[in-house]
Amino acid sequence: MAYDEELAERIRELIVPGPELTEQKMFGGLAFLIGGNMAVAASGQGGLLVRVDPEEGERLLGDAVQPMVMGGREMVGWLRVTATDDDEVLREWVERGIAYARTLPPKKK
């Protein structure tokens, strides 16, 4: 399944462009990276992938927010958000992912 291009465009509209922002196709989706660290992605499996503080991940789980699973394994610090139709909800999750990615040291090229 290809990623949701409409969702990717909505994410683009929420992220302030800058030299640290890049986009990269990854894992069948489109990832948005800050300083080389993935912050959010329009998933190839549907929904939004969001990078969060691993200490907060479990607290954030809910009906429309589940742990990200890759290769049968839960990825700590990553969540899959399926309720992306609401613009305000999407904004909150994108901002959360961007904020956390900005706390990480930039990756060297």
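Data block above holds the structure.
The following paragraphs examine the structure supplied in this document. Every value quoted in this text rests on a predicted model; they were computed, and no experiment measured them.

Conventions used here
- Residues numbered from 1 in each chain as written.
- Predicted model: local features only at pLDDT ≥ 70, side-chain atom pairs only at ≥ 80, totals over all residues.
- Heavy atoms only, no water.
- Helix = DSSP H or I, 4+ residues; strand = E, 2+ residues; numbered from the N terminus.
- Rg over C-alpha atoms; globule rule 2.2 N^0.38 Å.
- Buried < 20%, exposed > 50% of the residue type's maximum accessible area, 1.4 Å probe, protein only.
- Contact = heavy atoms within 4.5 Å.
- Areas by Shrake-Rupley, 256 points an atom, 1.4 Å probe, with all protein chains shown as cover.
- Lys, Arg positive; Asp, Glu negative; His and termini not counted.
- Charge placed at Lys NZ, Arg CZ, Asp CG, Glu CD.
- Salt bridge = Lys/Arg side-chain N within 4 Å of Asp/Glu carboxyl O.
- Expected span 1.5 Å × (residues − 1).
- Arc of directions from axis to C-beta.
- Polar contact = N/O pair within 3.5 Å; in protein donor to acceptor, adjacent residues only side chain to side chain.

1. As for the overall build of the protein chain
Right, on to step 1. Assigned secondary structure in the protein chain consists of two helices and six strands.
Right, on to step 2. Its helices and strands in sequence order give the protein chain the pattern α-β-β-β-β-β-β-α, from N to C terminus.
Right, on to step 3. On C-alpha atoms alone, the protein chain measures out to a radius of gyration of 13 Å, which is about the 13 Å that the 2.2 N^0.38 rule sets for 109 residues.
Right, on to step 4. Among the 109 residues that make up the protein chain, the fraction classed as buried is 40%.
Right, on to step 5. A separation of at least 24 residues holds for 55% of the contacts in the protein chain among residues at least 6 apart in sequence.
Right, on to step 6. Carbon and sulfur atoms make up 51% of the accessible area of the protein chain, which totals about 6700 Å².
Right, on to step 7. The centroid of the 13 positive side-chain charges in the protein chain is displaced by 9 Å from the centroid of its 19 negative side-chain charges.

2. Digging into the pattern of salt bridges
Working definition: two side chains of opposite charge can pair if their charged atoms are close together.
Right, on to step 1. Taken as a whole, this structure holds seven salt bridges when the rule is applied.
Right, on to step 2. Between arginine 10 and aspartate 87 there is a salt bridge whose closest N-O contact spans 2.8 Å. One end of the pair, arginine 10, is in helix H1 (residues 5–14); the other, aspartate 87, is in helix H2 (residues 87–102), and 77 residues separate them in sequence.
Right, on to step 3. According to the relative accessible area criterion, arginine 10 is buried, its value standing at 16%.
Right, on to step 4. Looking at aspartate 87, the relative accessible area reads 52%, which means it is exposed.
Right, on to step 5. Through salt bridges with shared partners, a single network forms among Glu9, Arg12 and Glu23.

3. Here we look at the side chain of threonine 84
Right, on to step 1. In this structure, threonine 84 sits in the loop between strand E6 (73–81) and H2.
Right, on to step 2. Those residues in contact with threonine 84 that lie beyond four places of it in its chain are Leu7, Arg10, Leu48 and Leu90.

4. Details of H2
Right, on to step 1. A rise of 1.5 Å per residue sets the reference length of H2, with its 16 residues, at 22 Å; its end C-alpha atoms lie 22 Å apart and thus fit the reference within 8%.
Right, on to step 2. Taken as a whole, H2 has its buried residues at Leu90, Trp93, Val94, Gly97, Ile98, Tyr100 and Ala101. Down the axis, H2 shows its buried residues gathered within 165° of arc, on one side only.
Right, on to step 3. Looking at the buried side of H2, the elements it contacts are H1, strand E2 (29–34), strand E3 (37–42), strand E4 (48–51), strand E5 (65–70) and E6.
Right, on to step 4. Put simply, aspartate 86 is the residue that caps the front of H2, since its side-chain oxygen is 2.8 Å from the backbone nitrogen of glutamate 88.

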